[in-house]
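Architecture and fold: a report
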Amino acid sequence: MSGVQTKNGKAFEYACLKALQDALSLNQLINVQEDAAFQTAKSSYEKLLQADQDSMCIGALAAVNKLRALEPMLENQNGPLILKIQTDSNGIHGDVRDVLCIRNGLEHWEIGISCKHNHHAVKHSRLSSTIDFGKEWMGVPCSERYFAKIQPIFDELENARVEARKQNTIAKWSELSDKEGSVYVPILKAFLEELKRIANEDGAAERFTSYLIGTKDFYKVIMDEKNEYTRIEAMNISGTLNRKSGRVKARIGVPKLKMPTKFLEMRFKRNSKTTIEVLLDEGWSFSMRIHSAKEELEASLKFDINLIGCPSNNYAQTELWYTKSCSLTGS
């Protein structure tokens, strides 16, 4: 993501935390962990124009109002509710949750929220001549054949970058005459071939999906500013979401999702040289667009990965914004 997108994402994390705090603090104690991650998100929020803050506030409140119906533990418990923002490093290890709601009573309870500002991407993984995506994603090392195919391509990119630096200039992706044909397509073909090989390993489909969507259950909150709605999706794979509080059950049920057991198809998206699609059983499917993350030429590429299909019983709700007033205060 660009620098602006990253900062807006951080700001929306803060807006979600503040919406939780304001909506849930009437009848209980809320403890906010104001650590470095919190301060970073707060700073990003406070640098926005007031109109942008208001939009984020509305988007976050729309999600919180629905979460109250999904999670009785947010309100029907004694003791403080702890709110915190996680660092990005957790995502590297598979925990994609941005905001955590925690209770440390007789037994530990927590839920997490993945906050998305104007995008649906689930992962932004990189490819390079040294990154073993098979081992990193699925615990199965990539073959020498895969690295032999991609190495010359990335080496050529690195050589062009180094030569430009020697001339006190910067090599740019836009200067390549056929970026898609000479870089994107052969890299994606090698990736698909290797993924098809790894797909035959036991458990590869489940590990692939778990890596992309996250290793822990969470709610995804997607704010769409242009169309003025917030979408809430439940990734309830281990069954930890939607837990009742004592005898109080959630007003809205969230089913447990089944993980895939096999890959069905891997292919280039029709009429595309930059995007592949991976289809698995149980309804899971992903779109993976490869791109250069920077204007300057570099020997790596980045995936923009989106979840385009999930089990039919997955909980998802779109909440339209009906107000332009903002109730977040004291930010």
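Computed from a prediction, not measured in an experiment: that's the story for all the values here.

Moving on, we get to the environment of Glu-175. Looking at the element boundaries, Glu-175 is found in the loop between α6 (144-166) and α7 (179-198). Along the backbone, Glu-175 and Ser-125 are 50 residues apart, and their C-alpha atoms lie at a distance of 24 Å.

Between helix α1 (residues 3-24) and helix α3 (residues 50-70), whose axes approach to 8 Å, the crossing angle comes to 50 degrees. The angle between α1 and α3 falls in the class oblique. Seen from above, α1 lies across α3 with right-handed handedness. Across from Asn-8, Ala-11, Phe-12, Ala-15, Cys-16, Ala-19, Leu-20, Ala-23 and Leu-24 in α1, the residues of α3 making contact are Met-56, Cys-57, Gly-59, Ala-60, Leu-61, Val-64 and Arg-68.

Another point: the nonpolar core. In this structure, Trp-137 and Phe-208 are the most contacted members of the largest nonpolar core, which totals 51 residues. At the level of elements, α5 (133-138), α6, α7, α8 (204-213), β9 (263-268), β10 (275-280), β11 (285-291) and β12 (300-309) are the ones that each hand at least two residues to this core. Counting residues per element, this core draws most heavily on α7, at 9 residues. Not counting the four nearest positions on each side in its chain, Phe-208 is found in contact with Trp-137, Met-138, Leu-195, Phe-263, Val-278, Leu-280, Phe-286 and Met-288.

Scanning the model with the defined rule gives 14 aromatic pairs in all. Ring plane angle 15 degrees and centroid distance 4.9 Å describe the contact between Trp-137 and Tyr-211, whose orientation is recorded as stacked. Of the two residues, Trp-137 is situated in helix α5 and Tyr-211 in helix α8; the sequence distance between them amounts to 74 residues. Accessibility assignment for this pair places Trp-137 and Tyr-211 in one class, buried. Members of the aromatic cluster, connected to one another through ring pairs, are Phe-133, Trp-137, Tyr-146, Phe-147, Phe-191, Phe-208, Tyr-211, Phe-263, Phe-286 and Phe-303. Of note, Lys-123 hangs over the ring of Tyr-211, and the distance from its end group to the ring centre comes to 4.5 Å.

Of the pockets and cavities examined, the second largest pocket occupies roughly 190 Å³. Residue composition of the lining of the second largest pocket, by class: 3 nonpolar, 7 polar and 4 charged.

Rules behind the numbers
Each chain has its residues counted from 1, following the order in which its sequence is written. Under the rules for a predicted model, residues below a pLDDT of 70 receive no local features and side-chain atom pairs below 80 are neither given nor counted, while totals for whole chains, interfaces and linings still include all residues. To get the side-chain values, take all heavy atoms of the structure and skip hydrogens and water. Only DSSP runs of H or I reaching four residues or more are called helices, and only runs of E reaching two or more are called strands; each is numbered from the N terminus. Convention adopted: a line fitted to C-alpha atoms gives each axis, helices being fitted over their contacting stretch, and angles between N-to-C directions are expressed from 0 to 180 degrees. Geometric relationships in this document are graded by angle, where less than 35 degrees denotes roughly parallel, more than 145 denotes roughly antiparallel, 65 to 115 denotes roughly perpendicular, and other angles denote oblique. The handedness criterion is simple: a crossing whose near helix is rotated anticlockwise from the far helix by less than a right angle is left-handed, and one whose near helix is rotated clockwise is right-handed. Contact definition: two residues touch when any of their heavy atoms are within 4.5 Å. Think of a nonpolar core as a cluster: buried Ala, Val, Leu, Ile, Met, Phe, Trp, Tyr and Cys residues, connected wherever their side-chain atoms sit within 4.5 Å. Throughout, exposure labels follow a simple rule: accessible area from a 1.4 Å probe, protein chains only, divided by the maximum for the residue type, with under 20% read as buried, over 50% as exposed, and the rest as partly exposed. Pairing of aromatic side chains here covers Phe, Tyr and the six-membered ring of Trp, requires ring centres within 6.5 Å, and sorts the geometry by plane angle: under 30 degrees stacked, over 60 edge-to-face, intermediate tilted. Lysine and arginine charges are scored as sitting over a ring when NZ or CZ, respectively, is within 6 Å of the ring centre and within 35 degrees of the ring normal. A cavity, in this analysis, means grid points on a 1 Å lattice covering only the protein atoms where a 1.4 Å probe fits yet has no way out; a pocket is instead an open set bounded by protein on both sides within 12 Å along at least five of seven lines, and a residue lines either one if it has an atom within 4 Å of a point. Grid points are joined across faces, edges and corners, and a volume is the space filled by probe spheres set on the points. Three residue categories are used. Nonpolar comprises Ala, Val, Leu, Ile, Met, Phe, Trp, Tyr, Cys and Pro, charged comprises Asp, Glu, Lys and Arg, and polar comprises the others, including Gly.

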